[in-house]
Each structure stands twice: as C-alpha cells, then as structure tokens.
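Chain by chain, the residues:
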Amino acid sequence: MVTRRLTAPLLALSTLIALAGCSAPATPAGGHAGGGEANIHLPDLGAATFLGGMVNGRLLLFIGLVVCLGGLAFGLASYVQLKQLPVHRAMREISELIYETCKAYLKQQGRFLMILWVFIASVIFVYFKFLVGSGWGQVFIILGFSLVGMAGSYGIAWYGIRVNTFANGRTAFASLRGKPYPLHQIPLRSGMSVGMVLISVELFMMLVIMLFLPAEIAGSCFIGFAIGESLGASALRIAGGIFTKIADVGSDLMKIVFKIKEDDARNPGVIADCTGDNAGDSVGPSADGFETYGVTGVALVTFIMLAIPPAEAVLQASLLVWIFFIRAVMVVASGASYFVNAAITRQKYEGAEQMDFEAPLSSLVWITSVVSIVLTFFTSWILIPDMGDGTTWWKLSIIISCGTLAGALIPELVKVFTSVKSRHTEEVVKSSNSGGASLNILSGLVAGNFSAYWLGMAIVGLMAIAYAISTSLGFGEHMAAPAVFAFGLVAFGFLGMGPVTIAVDSYGPVTDNAQSVYELSMIEEIPGVTEEIERDFGFDADWDRAKRLLEENDGAGNTFKATAKPVLIGTAVVGATTMIFSIIMGLTLALTENLDKLSLLHAPFLLGLVSGGAVIYWFTGASIQAVTTGSFRAVEFIKDNIRLDENATRASAADSKKVVEICTVYAQRGMINIFLGVFFATLAFAFVEPYFFIGYLISIALFGLYQAIFMANAGGAWDNAKKIVEVDLAAKGTDLHDASIVGDTVGDPYKDTSSVALNPVIKFTTLFGLLAVELGVSLTASGMGALVLGLAVVFFLAASWFVYRSFYNMRIDAPMLTADDIVRQRLDQLNA
C-alpha cells in the first residue's frame, strides 16, 4: 500500500527533474514569443462602447456580475426551500446516511486530486519558469488559478450531492400522497438549484478575472483556471463513473442470483449504489458541466486574442464584452423559463392523478431554447448593430442560435433511442422476450449505432449552417479563420442554457435515489406509521401508488440523464476545435508558415489521426475493465455476506461500508492508471512532432464524439428497457426481467463510465496539449531536438506502462475455473 501511494508523487518528481534538467529559456523559430496563450494581454474593455457610446464594456460586465449574484441567490433560496420540505424521519436518516458516504468518498477524492495536480503543476512550473522565462509572480498566478479551477469543479460537485441528498428523501416522502406533481417539482427544483449555482459561479470567476486583474496576467489566469477545472472534472468523472457502476452492477446482479427486489434493504450493495448514483450521476456531471462552460469560454477568449491582430483592440474588446454579456443574459433566460414552465406545469398537473413525467422536462428545454434565442437576437441588436457592415449582429446571433437549438434538438433525438416510449427501447424489450439477454444486448447495440448516425448528422448540419454564415461575416480582413470562430460560438450556444441542461440531468440521480430511500427506510414496516403520517403530516399514505409513481418518474430521470450526455460531449468536440486552432496559430506563425503540414500528405499528421483512435479505444476498455474487476469483488463480497434468513431485515452498516470501500478502491486504481496514461501520452505525442500532435487531437475529438454517443445511447436504451419490464409489464422476477437486467449491467459502464468521461478527457488533453506542444517546440528551437525525441520515447514508455497496468494490474485475481469447479457449482445449485 505504501509503495502504491508513493508511485504517483515519485513519477511526478521524476517528470519534473527530467524536464527541468534539459530546459533553458528559449525563443521558438521565427521569433514567436514563448508562453503563447498564457502571455495574452486583454484589451482595454472600457474602450468598447455600446448604446451609442452611453455604456462602456466594463459597465456591462459589472451588470453580468450582478446577474451572477442573482443566480446564486436563486440557487441558494432553492436549497433552503428543499431543506425545509417535509420528510419522515426514517427517510431523512437514509438520505443523511447516503450523504455521509458521499462525503467520505469526496474527501478521499480531494486528497487524490492533489496528487494528480502535482503532475500538472510540474509541467506548468518547468515550462513557464525555465523555458518561457516568466517571473515568479506569473508562475505562481498560473499555479494558483489552476488550484482555483480545480477547487471550483470539486466545490460544485460537493454542492450537487448536498442538494440532491436533500431532495431524494423529500421526493420519496412526497410520493406517499399518491399525486405525481410533487415528484416532478422537487427533483427539478434541486436540479435548477445546482444548475444556477454552477453557471453563476463559473461566470462570476471569469468576469472577476476580466474586470479586476491586470490585463497582462489575465491570459495566465485563464489558462491556469481552465487546466485546473479540467483536471478536477476528468478525475471526478472517471472515478465517479467507475465507482457508480461497480456498485450498480454489483447490486443489480443480486436480483438475478437471489431473486430479491430492487433496493432490498438486506443487500449491502444498495447503500453503495445510492452513493454511486451521486458520485457518478451528480458529482461527475456537476464537475463536467462546470469545466465545460469554463473551458469553452477560455477557448473563445484565446481565439479572439490570437485571431484578431492587436491593432484591432476595440474589435477584440467589443466581441469579448458581447460574448460574456450574452452569457449573463442566458442565465436570466434560464431562470425566467423555469418559472414560466413551472407555472404551466402546476396549472396542468397539480391536482392530476396521472402525469407524463417527461413532458414538462421537454417543455422546459424548448421554452429555454426559444427564450434564449430571442434574447440573443435582441441583445445583439441593442449592443452591436453597427459592427461590420451592419448585418454582423444578426449573423452572429444565428450562429449562436445554432448551438442553442442543438441544446434542445439533441435531447429530442436522444429520446428517440432511450425514452420508455421509444420504438428502439421497445425493440430491446421484444428481443429480450424471445431471445433473452443475447438479443437484448444486440438490440441495444443497434440503438446506439443508429443514434450516433442521427446525432452526428444533426451536429454536422448545425455546424455547416454556422460555417456558411461565417463566410459572410465580413471579418475576413480583421480575423484569421472566422469559420473556427463560428464553431466556437456554436459550442457557446450549446452551453447558453446551461442551468436547464444541468437541471434535467440532475433530475435523474434524485429520482433514482428516491426509490432507494423509500425501500431502505422500510417505512411500511414501522408500527403505526400510517396513523403517524396522518397525525403529523395531515394525509393518508397511499403505499402501492407511491411505489409505482417513483418507478415511473425514475424512467423519466433515466431519459433525461441520457439527454445531457451528448450535449456535453458535443461541446467538448466543437470547443476543442477552437482550442486546437490556438495551437495551430502558434505553430504556423498566425497562418503564414507550414500550412502544408496540416495535410494528409504530411505523414506525421496522418499518423497522429490514426493514433488518436487507438487511445480512445484503450480508454474505453480500461474504464470498463475497472468496473468489471470492481464489480467482481463487490459481487463476491455481497454473495458471501448477504443475509436472507427470516430474521434479517437490513444489511449491517459494516457490510455496507465494505462495499463502498471496494468501489472506492477500484475507482481510484482505475483512475490513476487511466489519468497517468493520458498524461504521459499527451507529453509523448506533443514531443514527437507538433503536427503529429495536431492530428492526434483532432482524432481523439472525432473518435471520442461517436464512441461517446454510441455508448451513452445504447446504455440508455438498455436502462429504460428494464424500466418498461419492471413498471409497464410488471414482470419482476421473470426470465424477461433477468434478461433486461443483464442488458442493463452491460449498458451501465457504457453510459455512465466510458462515454461520459470522454468529454473531460478530450478537453484536458487539448488544454494540457497547449503547454506540452509549446514545450516540445521550444526545446527543439533551442537545438535540443534529439533530446526532445528521447523524452518522447521515455514518456511513451511511461504511458505504455500505465496502459499495460490498466488491464494486467486490474485483472480479476482469481484462479481459472476447472471442470471440477463447474460440477461442484451444479451440485450446489441442485442442493439449493
């Protein structure tokens, strides 16, 4: 154990020594100053004026700060309201137990994050201090803001689990009234609380950097901040995804082995499953959304400063102020849309006996999209009516609206493949009925593959519209590659309705946990509980209807958890395009040299394209391997320790904690191998040849996009096929149910481990690559090309070692079965 703990710090120290030992201040060929994006100086934002010169840019951004404070107030008010909702003590105790296990997990992850940060800090320190020759102040600012960014991802994740664990018990208790409306209202309110706080904090931090810090260090702050939050999101997404699916698979398989019900209190894996719902479906998306919103903003800032010459400082400032003020306006749009949709939903469903739980979530997404688009056009018309030839304002608005429309259109397409009412999901159920688990899995694979086609075409179509409009922006003489700017604005539009995207995603873990809280509380077994509820809360509990409503609502939660995944991966890919352009600008000296090397005719570029696909497929396998091994250990422990005799009512606290420990151990083992594999691969490929690295970055973005969409939607189809069997068909305990469980356990790591973690991995690789490739170019320009290639080999060997470890050190440590073992198992089954 000691050796394992020392491995990461020692490797980080070795990396630091290797880089520092060969470094010296250098100026790359062509006189291009080192430091690149980190040495960007923001223009005077006050020089940009709006509304006929009556308002300057700084004042508009101060208004943006006020909007952020309003968003925080909205989120915190919702937090207080959730806490004050009624809940029975038995359910509250389970909610708090789940929160306590989540806290223990997050504390351990926090310590682990600091170890990983050492790796990133070592490269940042060596590059800026010894190669660029930056002063100590700038180096410490970059390192400090990397910690701020990482703390932001971590803090938002913590807030998300606190809000969700308030909401899960309150939702479970509200179900006892037998009315569907409260079961929708509470999870959505908690989701909006998380979404508004997340976006408001992120935007507030970026506005503070722009408004209050000296312009000459803003680039350093942005790069450090983006790398830090990307590191935090990557680690929390990977580890959370592994943790949650170990617990989920281990818990679900018990339903087949022992024929017990969902969330049986005697199953020691259920508490770990509930913790995992938050670790994977709340912590991960919260950190991921925080990072995605920030990194996309940093990419656009970097693009504007690199693509527009310093002589056009007023244009730079005008675009920066316009972009960030639009972001603030969209926060208002999300809040207003939520209240409008809530009023419509209340009027329609408050006293209803039946409710389509998906309908108000869909209407919220579409209302927010329409309101955001209208406000985008209105704000642009007010602020920049004279920019360019006088038509630029509406052209820019259309480009952003392509992204905003995608934020509503993509969830609709995802529902076609994952909803409980989807023909693809129904096909999975039909296949399972006659063909068992085998045809269940094949039908799910079909759904995932078809979804990748349709979502890919939708993204291409919207980006094509943005490209077509970018050719007529009139920026050709003022901006390099306006099409890339348009793609960055599409990603910006994707995230404009961020509070609502996060809200409908957070809806899922609350509804999932609410079912578990109901079962684990064993509230129906409490003597005199019906009379107690009537006396203390003033209503008659409807036990049977409560359980059915919770299951129906969970189906809607599954669907909308699925809808957020392609939105986030889509922004990762589109945003990565903008960040890759920043690297290209530096390598080609503002598109004046070496453009021929960005071609398939340049062999290193082509080889980079091939290498990116290899890494994506390794990552997928490594993350699923961690789930497989961890699940084996969890299942092994649960089977040996579960007590199903007539005297047993619930699993012991010690057994439940042991399952949580198994999940945590394998999540961290898997994460350290995957993260360090990605880390050293990025250094190795950036040092091999810069245009090889450009091809590599493009490749991981494209391979990652389709792999993530395929896996996420196949998993969503399997998940809701099981929900149809359990709720609509009432077929629990049947062979059909067993087949649907097998499909769901295959889909679990697909949708909640591998697919979702590809998003932060793509962005982390691209962001960290900004530094890594300049590090390699700087050393080569200093006459140390042979040493750079030598380091590339060393880093590649280190990456290969972690790739090797991600399977061979994560294998199931058990002897291979023999024929005698099979005979003994059959005899045991007959005796049982």
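I will try to describe carefully the structure that is included in this document.

The rules behind the values
- Position numbers for residues start from 1 in each chain and track the written sequence from start to end.
- Given that the model is predicted, a residue must reach a pLDDT of at least 70 before its local features are reported, and side-chain atom pairs must reach 80 or more before they are shown or counted; all residues, however, enter totals for whole chains, interfaces and linings.
- Hydrogens and waters are ignored; side-chain quantities use all the structure's heavy atoms.
- Two aromatic rings, drawn from Phe, Tyr or Trp (for Trp, its six-membered ring), form a pair once their centres lie within 6.5 Å of each other, and the interplanar angle then sorts them: stacked below 30 degrees, edge-to-face above 60, tilted otherwise.
- Strands are runs of DSSP state E lasting at least two residues, helices are runs of H or I lasting at least four, and both sets are numbered from the N terminus onward.
- Only protein chains enter the accessibility calculation, which uses a 1.4 Å probe; a residue is then buried when its area is under 20% of its type maximum, exposed when over 50%, and partly exposed in between.
- By definition, being over a ring means that NZ of Lys or CZ of Arg is both within 6 Å of the ring centre and within 35 degrees of the ring normal.
- Like charges within 9 Å and nonpolar side chains (Val, Leu, Ile, Met, Phe, Trp, Tyr) within 5 Å are joined into patches, using only residues over 30% in relative accessible area that form no salt bridge.
- Accessible surface area values rest on a Shrake-Rupley calculation with a 1.4 Å probe, where residue burial reflects the displayed protein chains alone.
- Any Lys or Arg side-chain nitrogen located within 4 Å of an Asp or Glu carboxyl oxygen qualifies as a salt bridge.
- As a rule, the C-alpha atoms of each element are fitted with a line to give its axis, helices using only the stretch in contact, and angles between N-to-C directions run from 0 to 180 degrees.
- Put simply, a crossing is left-handed when the front helix is turned counterclockwise from the back one by less than a right angle, and right-handed when it is turned clockwise.
- The nonpolar class holds Ala, Val, Leu, Ile, Met, Phe, Trp, Tyr, Cys and Pro. Asp, Glu, Lys and Arg form the charged class, and all remaining residues, Gly among them, are polar.
- In this description, the term disulfide denotes a pair of cysteine sulfurs within 2.5 Å.
- Helix span, as expected, comes to 1.5 Å for every residue beyond the first.
- By definition in these notes, contact holds between two residues if any of their heavy atoms fall within 4.5 Å.
- For the purposes of these results, a polar contact is taken to be a pair of N or O atoms within 3.5 Å, where, inside protein, one atom must be able to donate a hydrogen and its partner to accept one; residues adjacent in sequence count only when each atom of the pair is a side-chain atom.
- The labels follow the angle: roughly parallel below 35 degrees, roughly antiparallel above 145, roughly perpendicular from 65 to 115, and oblique for the rest.

Brief notes about the packing of aromatic side chains
Right, on to step 1. Taken as a whole, this structure holds 35 aromatic pairs when the rule is applied.
Right, on to step 2. Ring plane angle 50° and centroid distance 6.2 Å describe the contact between Phe 378 and Trp 381, whose orientation is recorded as tilted. Separated by three residues within a single helix, Phe 378 and Trp 381 lie in helix α9 (residues 358-383), roughly one turn from each other.
Right, on to step 3. Their ring planes at 65° and their centres at 5.9 Å tell us that Phe 710 and Tyr 750 sit as a pair that is edge-to-face. Placement of the pair is Phe 710 in helix α18 (residues 690-728) and Tyr 750 in helix α19 (residues 735-781), with a sequence separation of 40 residues. The burial state of Phe 710 is the same as that of Tyr 750; both residues are buried.
Right, on to step 4. Here the aromatic cluster, defined as three or more aromatic residues joined through ring pairs, consists of Phe 119, Phe 675, Phe 679, Phe 680, Phe 687, Phe 764, Phe 768, Phe 795, Trp 801 and Phe 802.
Right, on to step 5. Above the plane of the ring of Phe 166 lies Arg 162, whose end atom (NZ or CZ) is 3.9 Å from the centre.
Right, on to step 6. Over the ring of Tyr 293 we find Arg 327; its NZ or CZ atom is 3.8 Å from the centre of that ring.

Some points on a nonpolar patch on the surface
Right, on to step 1. Together, Val 446, Phe 450, Tyr 453, Trp 454, Met 457, Val 460 and Tyr 706 make up an exposed nonpolar region whose accessible area comes to about 690 Å².
Right, on to step 2. Of the residues forming the nonpolar patch, the biggest block, six residues, is contributed by helix α11 (residues 423-470).

Comments concerning the packing of helix α8 (residues 313-349) against α9
The axes of two packed helices give the description: the angle between them and the distance between them.
Right, on to step 1. The geometry of α8 relative to α9 is characterised by a closest axis approach of 8 Å and an angle of 145° between their N-to-C directions. Judged by the twist between their axes, the crossing of α8 over α9 is right-handed.
Right, on to step 2. Tallied by class, the residues present in the contact of α8 with α9 amount to 16 nonpolar, ten polar and no charged.

A few points about the environment of Ala 151
Right, on to step 1. With respect to the element layout, Ala 151 can be found in helix α4 (residues 136-174).
Right, on to step 2. Expressed as a C-alpha distance, the spacing of Ala 151 and Asn 341, which sit 190 residues apart in the sequence, is 33 Å.

What to know about unusual backbone geometry
Right, on to step 1. The backbone of Met 522 sits at a positive phi, close to 50°, despite the residue not being glycine.
Right, on to step 2. You can see Met 522 is positioned in the loop between α13 (498-521) and α14 (529-537).
Right, on to step 3. Assessed through its relative accessible area of 22%, Met 522 is described here as partly exposed.
Right, on to step 4. A positive phi angle, near 60°, is found at Asn 594, a position not held by glycine.

Let's talk about the state of the cysteines
Right, on to step 1. Enumeration over the complete set of coordinates arrives at zero disulfides.
Right, on to step 2. As a non-bridged cysteine, Cys 221 has Cys 68 as the owner of its nearest cysteine sulfur, 17 Å distant.
Right, on to step 3. The buried category is assigned to Cys 221, whose relative accessible area is 0%.

Quick look at helix α2 (residues 57-84)
Right, on to step 1. Between its first and last C-alpha, α2 extends 41 Å over 28 residues, near the 40 Å set by a 1.5 Å rise per residue.
Right, on to step 2. Those residues of α2 not exposed but buried are Gly 57, Leu 60, Leu 61, Gly 64, Leu 65, Cys 68, Gly 71, Phe 74, Gly 75, Ser 78 and Leu 82.
Right, on to step 3. Each element contacted by the buried residues of α2 is listed here: β1 (49-50), β2 (55-56), α4, α5 (181-212), α8 and α9.
Right, on to step 4. Of the residues flanking the start of α2, the one acting as N-cap is Asn 56, its side-chain oxygen 3.0 Å from the backbone nitrogen of Arg 58.

Re the pattern of salt bridges
Side-chain pairs of opposite charge can arise where the charged atoms are in close proximity.
Right, on to step 1. Tallying each qualifying case throughout the model produces 28 salt bridges.
Right, on to step 2. The partner of Glu 532 in a salt bridge is Arg 89, and the shortest N-O contact between them spans 2.4 Å. With Glu 532 in helix α14 and Arg 89 in helix α3 (residues 89-131), this residue pair connects regions lying 443 residues apart in the sequence.
Right, on to step 3. Judged by relative accessible area, Arg 89 falls into the partly exposed class, the value being 39%.
Right, on to step 4. The salt bridge partner of Asp 752 is Lys 245, with a shortest N-O separation of 3.1 Å. Of the two residues, Asp 752 sits in helix α19 while Lys 245 sits in helix α6 (residues 218-258), which places them 507 residues apart along the sequence. Exposure class is identical for Asp 752 and Lys 245. Each is buried.
Right, on to step 5. Within this structure, Lys 245, Asp 248, Lys 565, Asp 719, Asp 748, Lys 751 and Asp 752 form a network of salt bridges that share partners.

Observations concerning the packing of α8 against helix α10 (residues 392-418)
Right, on to step 1. The contact between α8 and α10 brings their axes to 13 Å, and the two run at 40°. Considering their axes alone, α8 and α10 lie oblique with respect to each other. When the axes of α8 and α10 are compared, the crossing they make is right-handed. Facing α8, whose interface residues are Leu 319, Trp 322 and Met 330, α10 presents Leu 396, Ile 400 and Thr 404.
Right, on to step 2. Residue classes in the contact of α8 with α10 are distributed as five nonpolar, one polar and no charged.

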